[in-house]
Each structure stands twice: as structure tokens, then as C-alpha cells.
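Notes for the structure review
Listed below, chain by chain, are the residues.
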Amino acid sequence: MLASMQGLKDLVARLLARPDEIMLSLGAGGELLVARLRALLSLLILAMPLIAALGGAKSSEVVIGLALAVFVNLMAQIWLALARRQLRYGWLPYATGTYDVSLTTLVLVLLALGDPVAATNSIVVWCFYLIAIAITALRNDGRLTLYVSALALLQYALLVAVVFSLAPHETLVSIDYGTASIATQVERLLVILMMGLLTSVIVYRMQRLVEMSGNDGLTGLPNRAWLLQGMPRMFETIRNDGGSLTLALLDLDRFKRINDEIGHRDGDRAIRHFVAAVNEILQEKERLVRIGGQEFVVLMHCPIGSAWERLDRLRRSMGDRPFLPESGRDPQVITFSGGLAAFPVDGGHVSALLGSADRRLQLAKRDGRNRVVARDA
Ligand SMILES: Nc1nc2c(ncn2[C@@H]2O[C@H](COP(=O)(O)OP(=O)(O)OP(=O)(O)O)[C@@H](O)[C@H]2O)c(=O)[nH]1
């Protein structure tokens, strides 16, 4: 019971939180997918007034239908152009979500002008509320799903209230659409609510999976997958806003020997001991990433000279904080070697920067380990 309450609290907290950069970047990809889908579906809408004309609809209805279809296509192209700019516009998913829901309401209002029951009993148009909510799952943002669901509930409830209070009682029976009943409308509102809750759970689950695939189980640190996804964005921010970035590649020295001496379990704890020490020197927005067994990357927002000074100070301090194995074996001093590379001087993309840092790490190892190298020999 306590565990399920905790799970629920976690779900709500996560849905209301701002997604991190990786999640937002995946969401921007989802926004582009939605925009492409919308553009494709809008083309199909163009065919509807033409089919209606062939079926003998009134010319005024065909003209209104055609004008609406052209408007929908124009908007779809505008949303597509904006979505192509990826993360540039944080408000875009909210604008497109509002548009999708409001367009559905608008079409229902237009239907209501001809036949009030069409607004309350139409199945096809009403389903677009559910589609608008479902496609928010592709944006990886719980706040967006909650917002679009609440908007759909509110707009549809208002529409129904207006139809029932303004339309004369005898018009609430239609040959084409049947009878408008309050009970059916309450059911429809419940279905919208259920779709909102279901989509929220899908977003929560997707966020958890993305997080798990980008995190290391032993230390909880981001992993190589996270690094490869997150770094291009970090480069872009530095190119646009300025600032310094130094990548440090750190590798524990002779860790095989330490493992042999204290055992694998204590070896794991020694890795966490090292991670805690590095975390202490990190400043805001700097990240430590575990890219391999005993290999780590530190992303530091400072010039390479100060990065070297900070890491070398850490290296020297490791002797003052030996690791105490649980097995009762002798305390172990954990040392590391490091290679540093500055963006963009030593590399303008991930593999070039990692390559420069690795070259310098190998120099540190070759020169006896327990040292940090920031220049090629
Ligand atoms: N306990 C533990 N050991 C690990 C983990 N990942 C890698 N290792 C060990 O780390 C050791 C790395 O050994 P090597 O690559 O030979 O390097 P090294 O002994 O550190 O020597 P140098 O890097 O040359 O200083 C291996 O014995 C791995 O088993 C882990 O998650 N836990």
C-alpha cells in the first residue's frame, strides 16, 4: 500500500516536472513527427469538400468546407516549418496542442450551427480530441499531456453546456445523429479523462525507460549513451551562448590489481568512493559520466587550464581519503590518470574531443599513472 502510494507520488511529481534536455530533445523529434503526420492528414481533409460536392452537397457548404480545408493545410505547413527548428521554440508543443483541440471544437461548433445534435453525437470529429491527447505522448512532456487533456475536457464540456442550454428541446433529436442525451455526454467526458490518464502513464513509462537506458546501474551516473546524445546539444549551446567546455577522460589506475586484492564487491564500492570524490569538485551544470567499467568523462565548464588545476588538486587529495574495504582488508588509495581536451580547439565534435582526451590519457598512463595531462607531448 505504502509502495503504491510512493509510486503514485513519483508519477505525479515526474509528470509535473520539466523534462531534462535529452527528454526535451527526444520530444522535439516527436513534435516533428506529429507535424509531418498533421500535414499528411490535412491533405486528406482537402478531399472531403470535393467528395461532398460530388455527393450533391449545397455549394455554400462546399465553399465553407474548402475554405476550412485550405486553412487547416496552411496551419499544418506553418507548424511543420516551426517543428523543423527542433528545440528552438519551447512553446511550440503547447501551441500545437491548443490548436489541435481548438480546431476539433471549432468543427463541432460549425456542425452545431446546422444541427445541434451533430456537435454532441458526432463520433468521427469528437475522436480527434482523443487523437490530440494521444499524440502528446510523442513529446515526452507530462505537463503537456495534462494541459491538452484538461483543455479538451474544458472545451467539450463548455460546448455541450452551450448546446443543451441554448438549443430548443425539440432540436435535440436528429434524423442523422439520433438523440442528444446528458448521460452520453458525461460518458464522453469520462472517456476523454481516461485517455488523458492513460497517455500520462505512457509518458511516465517512456521517461523512465529513456532514463534507465541513459543511466549506469552501479553509480546512478549518466552513461555513454547519454553522453553521445547530450554532447551535441551542449556544443550547440556553447557555440550560441559562448563559454568554455573541457572534457576530461579519467581512468582508475591498476584497478584489476585492486579488484584482485579486495574482491569484486569491494571493487564496486571503491568505484562509488571515487565517484563521490569527483562529485565533490563539480560545479553547477558540470557532469560526471561513466563510459566504461573504470573509465569516466567529466564535462567541465571552465578553460582547460583551470580544469587541469581542479582535477590535479583532486588527484593529489586522493591519498588523504583511502577507501576502506568492508571485508576488513587494508585501506586502498585509489588513484586515477586523466587526459583533458578543450572544445572546440582540440575537437569540434564528440569523437574528436574524446580522441584528443584519450591520447593524453595514454600519455599519463605511459608516464607512470596517477597524473593528469592537458597537452600532447
Ligand atoms: N569491481 C568492479 N571492477 C570493474 C568494473 N568494471 C571494470 N572493472 C575492472 O576493472 C579492471 C580494469 O583492468 P584493466 O583494463 O586491465 O586496467 P587497470 O588494471 O585499471 O590498469 P591501467 O588502466 O593500465 O592502470 C578489470 O579488472 C575489470 O574487471 C566494475 O563495475 N566493478
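Source: prediction; values computed, not measured.

**Some points on the packing of aromatic side chains**
How two aromatic rings sit relative to each other is set out by the distance from centre to centre and by the angle between their planes. Throughout the structure, instances matching the rule amount to 6 aromatic pairs. Between F235 and F343 the ring centres are 4.3 Å apart and the planes differ by 5 degrees, which places this aromatic pair in the stacked class. Taken together, the residues span a long stretch of sequence, with F235 in helix α9 (residues 224-241) and F343 in strand β6 (residues 336-343) at a distance of 108 residues. F343 matches F235 in its accessibility class, with the two residues each being buried.

**Observations concerning helix α12 (residues 304-317)**
Between its terminal C-alpha atoms α12 stretches 20 Å, which fits the 20 Å expected from 14 residues at 1.5 Å a residue. Of all the residues in α12, the buried ones are A307, R310, L311, D312, L314 and R315. Those residues of α12 hidden inside the fold are in contact with β3 (245-252), α11 (264-281), β5 (295-300), β6 and β7 (372-373).

**So, the sheet that holds strand β4 (residues 287-290)**
Taken in spatial order, the 5 strands make up an open sheet running β4-β5-β3-β6-β7, and their pairing is mixed. Of all the strands in the sheet, just β4 and β7 have a single pairing partner and so form its edges. Where β4 lies against β5, 4 bridges are found, and the strand directions are antiparallel. Residue pairing in the sheet places R287 in a bridge with L299 of β5. Those strands touched by α12 are β3, β5, β6 and β7, and its axis lies near 165 degrees from that of β6.

**Comments concerning a nonpolar patch on the surface**
Taken together, the side chains of I182, V186, L190, L193, M194 and L197 present a nonpolar region at the surface, about 580 Å² in accessible area. Mapped onto the fold, M194 is located in helix α8 (residues 182-213). For M194, a relative accessible area of 55% gives the class exposed.

**Some points on the pattern of salt bridges**
Side chains that carry opposite charge are capable of pairing whenever their charged atoms lie near each other. Applying the stated criterion across every chain yields a total of 16 salt bridges. The partner of R269 in a salt bridge is E326, with the nearest N and O atoms 3.7 Å apart. Of this pair, R269 sits in helix α11 while E326 sits in the loop between α12 and β6, placing them 57 residues apart in sequence. You can call E326 exposed: its relative accessible area is 60%. Where salt bridges share partners, they join D346, R359, R360 and D376 into one cluster.

**Comments concerning the UniProt feature "transmembrane region" (unreviewed entry) in the chain**
Within this numbering scheme, the UniProt entry marks residues 39-57, 63-82, 94-113, 119-138, 145-166 and 186-204 as carrying the feature "transmembrane region" (unreviewed entry). For residues 39-57, helix accounts for 84% and strand for 0%, while the C-alpha atoms at its two ends are 26 Å apart. Note that residues 186-204 is 100% helix and 0% strand, and that its end C-alpha atoms are spaced 27 Å apart.

**Regarding helix α7 (residues 142-166)**
The end-to-end C-alpha distance of α7 is 36 Å, a good match for the 36 Å that 25 residues give at a rise of 1.5 Å each. When α7 is considered as a whole, its buried residues turn out to be G142, L144, T145, V148, S149, L151, A152, Q155, Y156, L159, V160 and V163. Regarding α7, its N-cap is D141, as a side-chain oxygen of that residue lies 3.0 Å from the backbone nitrogen of R143 further along.

**A closer look at the site of the ligand**
As a matter of local geometry, the ligand sits amid 17 residues, with F255, N259, D268, R290 and R369 nearest to it. A distance of 2.7 Å is found between an oxygen atom of the ligand and a backbone nitrogen or oxygen belonging to F255. Here the ligand has 660 Å² of accessible area as a free molecule, and 68% of this is covered by the chains. Residue assignment for the shell around the ligand shows that the elements contributing at least two residues are β3, α10 (255-262) and α11. If one sorts the elements of the shell around the ligand by residue count, α11 sits on top with 4 residues. Grouping the amino acids of the shell around the ligand by side-chain chemistry returns 4 nonpolar, 5 polar and 8 charged.

**Structural notes on unusual backbone geometry**
Here the amide bond leading from F343 into P344 is cis, since omega sits at -5 degrees, within 30 degrees of zero. By the secondary structure assignment, P344 is in the loop between β6 and α13 (350-366). Phi is positive for K285, close to 70 degrees, though the residue is something other than glycine. Phi at N370 takes a positive value of approximately 50 degrees, unusual for a residue other than glycine.

**Some details on the nonpolar core**
If you look at the biggest cluster of nonpolar residues, it comprises 28 residues, and the most contacted ones within it are F274 and F296. Contributions of two or more residues to this core are made by β3, α10, α11, β5, α12 and β6. Not counting the four nearest positions on each side in its chain, F274 is found in contact with L250, L252, F296, M318, I334 and F336. A112, W126, L130 and L172 belong to the second-largest nonpolar core, a separate cluster that totals 23 residues.

**Thoughts on the pairing of β6**
Residues in a regular strand project their side chains so that they alternate between the two faces of the sheet. Along β6, 8 of the 8 residues are buried, which leaves the element largely enclosed by surrounding structure. The pairing of β3 with β6 spans 8 bridges and is classified as antiparallel. Paired with A248 across the two strands is L340, which belongs to β6. Following the chain from β6 across α13 to the adjacent parallel β7, one finds a crossover that is left-handed.

What counts and how
Residues numbered from 1 in each chain as written. Predicted model: local features only at pLDDT ≥ 70, side-chain atom pairs only at ≥ 80, totals over all residues. Heavy atoms only, no water. Phe/Tyr/Trp six-rings, centres within 6.5 Å; stacked < 30°, edge-to-face > 60°. Helix = DSSP H or I, 4+ residues; strand = E, 2+ residues; numbered from the N terminus. Buried < 20%, exposed > 50% of the residue type's maximum accessible area, 1.4 Å probe, protein only. Expected span 1.5 Å × (residues − 1). Contact = heavy atoms within 4.5 Å. Pairing = 2+ DSSP bridges. Axes fitted to C-alpha atoms, helices over the stretch in contact; angles between N-to-C directions. Patch = residues over 30% accessible without salt bridge, like charges linked within 9 Å, V, L, I, M, F, W, Y side chains within 5 Å. Areas by Shrake-Rupley, 256 points an atom, 1.4 Å probe, with all protein chains shown as cover. Salt bridge = Lys/Arg side-chain N within 4 Å of Asp/Glu carboxyl O. UniProt positions renumbered as here; feature names shortened; annotations may be inferred. Polar contact = N/O pair within 3.5 Å; in protein donor to acceptor, adjacent residues only side chain to side chain. Near = heavy atom within 4 Å. Nonpolar A, V, L, I, M, F, W, Y, C, P; charged D, E, K, R; others polar. Core = buried A, V, L, I, M, F, W, Y, C linked by side-chain atoms within 4.5 Å. Right-handed = clockwise from strand over helix to strand, strands pointing away.

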